[in-house]
Every structure is written in C-alpha cells, then in structure tokens.
Amino acid sequence: MNALNNLRRFMLRVPIVYRLLIGNSLVILVLAAAATLLTRQFTGVPAAYLILLFSLLGFVLVFLLNYTTIRISLRSLDGLRQTIEQVGYERGSPPEAIHLDRDPDLQPLAEAINAMLSRLENYTQQLRALTERVTSAQEDERQRIARNLHDETSQSLSSLIISLERIERDLPPGASDLKNRIVQARQVATRTVEDLRKIIYDLRPTMLDDLGLIPAVRWYARTTLEEAGMRVQFEIPEENLRLPRHLETELFRIAQEGVNNIARHSNARRVIIRMVAETDHICLELDDNGTGFDVVETESSALNTKHLGLLGIQERAALVGGQVDILSEPGHGTLLRVCLPGRFR
Ligand SMILES: Nc1ncnc2c1ncn2[C@@H]1O[C@H](COP(=O)(O)OP(=O)(O)OP(=O)(O)O)[C@@H](O)[C@H]1O
Ligand SMILES: [Mg+2]
C-alpha cells in the first residue's frame with residue numbers, strides 16, 4: 001500500500017507528457033508480451049480473431065490509462081479554478097495563495113497566478129489608502145465650508161434681515177410701495193437663510209459632532225423621508241450611544257446615502273431604521289418596503305452607469321473593516337445592513 005502511494009506521489013511529480021509516454025509504452029510492452037505468449041498457446045485460432053482480440057484489448061487499456069492520467073492532472077486545475085473564482089468576493093480580505101502539491105505542469109501557472117494575486121492585493125491596498133485620504137480630506141473640507149457658511153454667510157444674512165426689519169419699521173407711513181419691496185427683500189433673505197441651513201446640514205450636521213450619530217441619523221432620515229411622504233420607524237435601543245468620531249462619520253455618510261437612495265429610488269411607504277450595538281460590532285439597517293432592485297446586475301453595471309452610491313458604501317465600510325449586505329429583489333423591498341467592528345459597550 002505504501003509502495004503504491006509512493007509510486008502515485010512520484011508519478012504526480014512527473015510531467016504529464018512523460019506520464020503518458022511511460023504509460024503507453026508499458027501498455028505496448030504488456031500487449032506485445034501477451035500477444036507473443038498467447039499466439040504460441042492458441043495455434044489453432046484464426047489470426048483474424050487474435051488481431052481483433054489484441055486490438056480491442058490495446059484500445060481499452062490505452063483508453064483507460066490516458067483517461068485516468070489526464071483526469072488526475074486536470075483535478076489540480078479544479079482547485080485553481082475555485083481559488084480564482086473567489087478572488088474579489090471578500091472585500092477587505094486578501095485572496096489566498098494557491099498551492100498545487102508540486103504538480104510540475106501547473107506549478108508555473110499557480111506561481112504566475114499567485115504573483116498576480118499579490119500584485120492585485122498591493123494595488124487594492126494602495127487604492128484603499130488613497131480612498132481613505134480622499135474621504136478624510138473631503139470630510140475636513142466639508143466641515144470647514146459648513147463652518148464658514150454658518151459663521152460668516154449665515155450670520156451676515158441674519159444681520160441683513162434684522163437691518164431690513166429696522167428699515168421697514170422706520171419707514172414713514174406713506175411709503176407703502178417701498179415697504180412692499182423691503183418686505184419682499186426680507187422674505188428672499190429669510191428663504192436664503194433656510195436654504196443655507198439645509199446646505200450646511202447636508203455638508204456636516206453639527207448635530208453629528210454635538211449629539212452623536214443616532215440623533216443625526218434620526219434627524220436626517222426624518223427630514224428626507226417624511227418630506228417624500230414615507231412613514232419612518234426607528235428601532236434604536238441606546239439613544240445616547242457615542243462612537244469614535246471617525247466611525248460616527250462613516251456610519252452617518254453610509255446612512256445618508258442609504259436614506260437618499262430610499263427617497264430617490266424606492267417608492268416605499270414605510271421605512272424601518274434599526275441600529276444594534278453589540279460588544280464587538282455595531283450594525284445599522286435600513287429596511288424599506290419599496291420597489292427593490294436586482295443587486296447583482298446593479299453592482300456589475302455600476303462603473304459603466306456611474307451609479308456609485310452603493311460602491312461608496314462598500315468602500316467606506318471596507319476602510320474600517322466592516323461588512324455590507326444588500327438584500328433586495330424587484331418588487332420585494334430592500335434591506336441594507338452595514339456592520340462595523342469595534343468595542344461599543
Ligand atoms: N432602496 C432602494 N430601492 C430601490 N432601488 C434602489 C435602492 N437603492 C438603490 N437602488 C437601485 O440601485 C441603483 C444604484 O444605487 P446607487 O446609490 O449606487 O446609485 P444612484 O443612487 O443611482 O446614483 P448615486 O451615484 O448618485 O448614488 C439605483 O440607481 C437604483 O436603481
Ligand atoms: Mg445613490
């Protein structure tokens with residue numbers, strides 16, 4: 001049994017061309033010996049029968065031998081195929097290197113693929129580092145613009161409104177035409193302040209820094225979805241939970257994209273927003289009963305169609321080692337679940 005195993009192991013290290021040559025030569029040798037011995041034994045049997053018998057025997061033996069040798073060699077390709085198929089499915093985890101038990105035919109191919117996988121992993125890490133830097137620079141920039149708009153533009157407009165109110169109050173009784181024009185100017189200024197407030201909140205809600213993720217998500221979802229005529233339910237047990245600042249920002253941006261998608265694409269009637277914090281992770285779920293969509297098709301065409309919101313969610317989650325699940329089918333609503341790791345209790 002041991003000798004057989006050793007022979008098998010030895011044969012697996014011989015290139016397939018030599019395995020076939022050795023095997024076929026052995027078959028020819030065995031057949032030639034058998035034919036010589038048997039023709040001496042059965043002198044009375046017609047030559048045609050013996051030719052037919054040895055041809056058939058030769059065909060069956062050569063067929064079985066070649067078939068088995070090639071099947072065994074191709075089995076290694078299956079492992080190769082399975083590994084390659086897995087590449088890219090697990091975001092954030094590097095693809096595993098391929099091991100082929102020293103198969104001389106496939107080993108160079110496995111090595112080339114391993115080198116390619118490691119280059120791919122390298123590029124992915126570089127891109128991720130770049131994305132991280134861009135995202136954090138974008139966040140700082142948003143915060144700076146929001147602060148400037150709030151502290152300067154918004155304050156100036158507020159003083160303008162107060163000045164207009166004063167002028168309106170001090171106008172002589174006969175100047176009704178001028179008064180109307182001042183009232184209109186004040187209304188425009190008031191509307192601009194309101195629009196500006198929305199822009200500032202979209203850029204970076206001060207609520208996120210002051211009160212934390214949960215009130216900020218609650219406020220954003222309510223203003224966006226209720227305005228679109230949807231009923232919003234919250235299942236959030238720990239209202240005053242605070243996370244590290246960068247996680248609050250990532251989860252808020254993810255929630256913002258998810259909520260905007262629901263408002264723009266879902267046509268839902270009700271939306272449930274859940275948040276569950278466990279010892280080692282926090283999960284946010286956005287569950288809508290709207291139109292749903294084909295997740296696989298949408299993801300594969302995202303780059304061509306330039307619909308990048310969902311990809312952005314996946315990238316943001318991957319940056320902090322998180323996991324995204326999107327469960328959706330046309331006609332059956334959408335569940336977006338994002339879980340980020342960390343200690344939260
Ligand atoms: N909650 C949802 N309900 C129904 N369809 C959705 C939902 N979320 C996403 N989709 C579908 O998935 C597609 C991709 O969404 P994604 O956020 O990536 O891009 P987008 O919203 O179209 O554009 P943007 O790049 O501005 O976000 C959408 O165009 C929409 O068809
Ligand atoms: Mg979107």
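Predicted model, so just to flag it, every value in this text is computed and none were measured. (Residues numbered from 1 in each chain as written. Chains lettered and ligands numbered in written order. Predicted model: local features only at pLDDT ≥ 70, side-chain atom pairs only at ≥ 80, totals over all residues. Heavy atoms only, no water.)

Colleague: Even after reading the chapter, I still don't get the pattern of salt bridges, so can you show me in this structure?
Modeller: Pairing between side chains of opposite charge can happen when their charged atoms approach one another. By the definition in use, this model includes 16 salt bridges. Residue Glu139 pairs with Arg253 through a salt bridge whose shortest N-O separation is 2.7 Å. Taken together, the residues Glu139 in helix H4 (residues 107-170) and Arg253 in helix H8 (residues 245-266) connect sequence positions 114 residues apart. For the pair shown, Glu139 and Arg253 are each scored as buried. The network of salt bridges with shared partners includes Glu235, Arg274, Glu285, Asp287, Asp325 and Arg337. (Salt bridge = Lys/Arg side-chain N within 4 Å of Asp/Glu carboxyl O. Helix = DSSP H or I, 4+ residues; strand = E, 2+ residues; numbered from the N terminus. Buried < 20%, exposed > 50% of the residue type's maximum accessible area, 1.4 Å probe, protein only.)

Colleague: Is there a simple way to think about the side chain of Ser328 in this case?
Modeller: By secondary structure assignment, the location of Ser328 is in strand E4 (residues 323-328). Of the polar contacts made by the side chain of Ser328, one reaches the backbone nitrogen of Phe293; its length is 2.9 Å. There is a polar contact of 2.9 Å between the side chain of Ser328 and the side chain of Thr334. Apart from residues lying up to four places away in sequence, Ser328 is in contact with Gly292, Phe293, Val295, Gly333 and Thr334. (Polar contact = N/O pair within 3.5 Å; in protein donor to acceptor, adjacent residues only side chain to side chain. Contact = heavy atoms within 4.5 Å.)

Colleague: What is the right way to read the coordination of the magnesium ion (ligand 2) from this model?
Modeller: Ideal geometry at a metal centre gives angles of 109.5 degrees when four donors are arranged tetrahedrally and 90 or 180 degrees when six donors are arranged octahedrally. Here the magnesium ion (ligand 2) is held by Glu257 (OE) and Asn261 (OD1), and the distances to it run 2.0 to 2.1 Å. On the criterion of helical spacing, the pair formed by Glu257 and Asn261 is a turn pair, its members being four residues apart in helix H8. You can call Glu257 partly exposed: its relative accessible area is 23%. (Donors = N, O, S within 2.8 Å, 3.2 Å for Na, K, Ca; no water.)

Colleague: Any chance you could explain the packing of helix H2 (residues 16-41) against helix H3 (residues 47-86) here in plain terms?
Modeller: The axes of two packed helices give the description: the angle between them and the distance between them. Contact geometry for H2 and H3: axes closest at 10 Å, N-to-C directions at 160°. Classified by the interaxial angle, the pair formed by H2 and H3 is roughly antiparallel. The element H2 and its partner H3 pack so that their crossing is right-handed. Taken together, the residues of H3 that come into contact with H2 (itself represented by Ile16, Arg19, Leu20, Gly23, Asn24, Val27, Leu31, Ala34, Ala35, Leu38 and Thr39) are Leu50, Phe54, Leu57, Gly58, Leu61, Val62, Leu65, Asn66, Thr69, Ile70 and Ser73. Looking at side-chain class alone, the contact of H2 with H3 contains 14 nonpolar, seven polar and one charged residues. (Axes fitted to C-alpha atoms, helices over the stretch in contact; angles between N-to-C directions. Parallel < 35°, antiparallel > 145°, perpendicular 65-115°, else oblique. Left-handed = near helix turned anticlockwise from the far one by under 90°. Nonpolar A, V, L, I, M, F, W, Y, C, P; charged D, E, K, R; others polar.)

Colleague: Looking at this model, I keep getting lost on the site of ligand 1. Mind explaining?
Modeller: Asn261, His265, His307, Leu308 and Leu310 are the nearest of the 16 residues found near ligand 1. Within the backbone of Leu308, an N or O atom sits 2.9 Å from an oxygen atom of ligand 1. In the environment of ligand 1, an oxygen atom lies 3.2 Å from a nitrogen or oxygen atom belonging to the backbone of Gly309. Within the complex, the protein chains bury 82% of what would otherwise be the 600 Å² of accessible surface of ligand 1. Within the residue set of the shell around ligand 1, elements represented by two or more residues are H8 and helix H10 (309-319). Among the elements that make up the shell around ligand 1, the one with the highest residue count is H8 (six residues). Here the shell around ligand 1 is composed, by residue class, of four nonpolar, nine polar and three charged. (Near = heavy atom within 4 Å. Areas by Shrake-Rupley, 256 points an atom, 1.4 Å probe, with all protein chains shown as cover.)

Colleague: I tried to follow unusual backbone geometry on my own but got confused; where do I start?
Modeller: Negative phi characterises most residues that are not glycine, and trans characterises most peptide bonds. In this structure, Asn267 is a non-glycine residue whose phi angle is positive, near 60°. By secondary structure assignment, the location of Asn267 is in the loop between H8 and strand E2 (270-277). Phi at Lys306 takes a positive value of approximately 60°, unusual for a residue other than glycine. Tracing the sequence through the fold places Lys306 in the loop between helix H9 (295-305) and H10.

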